[in-house]
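Chain by chain, the residues:
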Amino acid sequence: MKLIEHDQCVYWFRQLGNEDVIRDIMRVHPNSIKLLNSFPTMLICDTTYKTNKYRLPLLEIIGITSTIMTFAIAFAYLSYERMDKFE
């Protein structure tokens, strides 16, 4: 969380009850928001299944510019995969 705040990223998270355990966390860099506002037409959401060191699904959201270049918009670690997590 300290590193995310240091980079001035926009972030969102869900905790496990009232404990200090984070279940899901999503991070968006400010430059990604600017690019998304310029090129909001096409987004791609892709999930990598538990191949990272945390053994959690990683959701990556990618945007595409008018010149067919891609840029990362957001990354999210999810506690598990279900439709309500993606919404």
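Residues numbered from 1 in each chain as written. Predicted model: local features only at pLDDT ≥ 70, side-chain atom pairs only at ≥ 80, totals over all residues. Heavy atoms only, no water.

### What to know about the pairing of strand β4 (residues 58-64)
Going by this rule: With a 1.4 Å probe rolled over the protein chains alone, any residue whose accessible area is under 20% of its type maximum counts as buried; one over 50% counts as exposed, and the rest are partly exposed. Each helix is a run of DSSP H or I of at least 4 residues and each strand a run of E of at least 2, with the numbering of both proceeding from the N terminus. If DSSP finds at least two bridges between two strands, the strands pair.
Buried residues dominate β4, accounting for 6 of its 7 residues. Looking at chain direction, strand β3 (residues 43-48) and β4 are connected through 6 bridges and run antiparallel. Across the sheet, T47 pairs through a bridge with L59, a residue of β4. In this structure, β4 lies alongside strand β5 (residues 70-77), joined through 7 bridges in antiparallel fashion. The residue bridging E60 from the neighbouring strand is F75, located in β5. Count of turn residues in the β4/β5 antiparallel hairpin: 5 residues, of which I68 carries a positive phi of about 65 degrees.

### A look at the pattern of salt bridges
Heads up, the condition is: For this document, the term salt bridge refers to a Lys or Arg side-chain nitrogen within 4 Å of an Asp or Glu carboxyl oxygen.
All told, the structure shown has 1 salt bridge when counted by the stated rule. Of the charged contacts, one joins R14 and D24 as a salt bridge, the two residues approaching to 3.1 Å between their closest N and O atoms. Taken together, the residues span a long stretch of sequence, with R14 in strand β1 (residues 10-15) and D24 in strand β2 (residues 22-28) at a distance of 10 residues. Assessed through its relative accessible area of 24%, R14 is described here as partly exposed.

### Description of the nonpolar core
Stated formally: Buried residues of nine kinds, namely Ala, Val, Leu, Ile, Met, Phe, Trp, Tyr and Cys, make up a nonpolar core once their side-chain atoms join them within 4.5 Å. For this analysis, residues touch if any pair of their heavy atoms sits within 4.5 Å.
V28, L59, I61, F71, I73, A74, A76 and L78 together form the largest nonpolar core, which totals 8 residues. Elements with a minimum of two residues in this core: β4 and β5. Leaving out residues up to four positions away in the same chain, I61 has contacts with M26, I44, C45, F71, A72, I73 and A74.

Shape descriptors only; they carry no functional weight alone.
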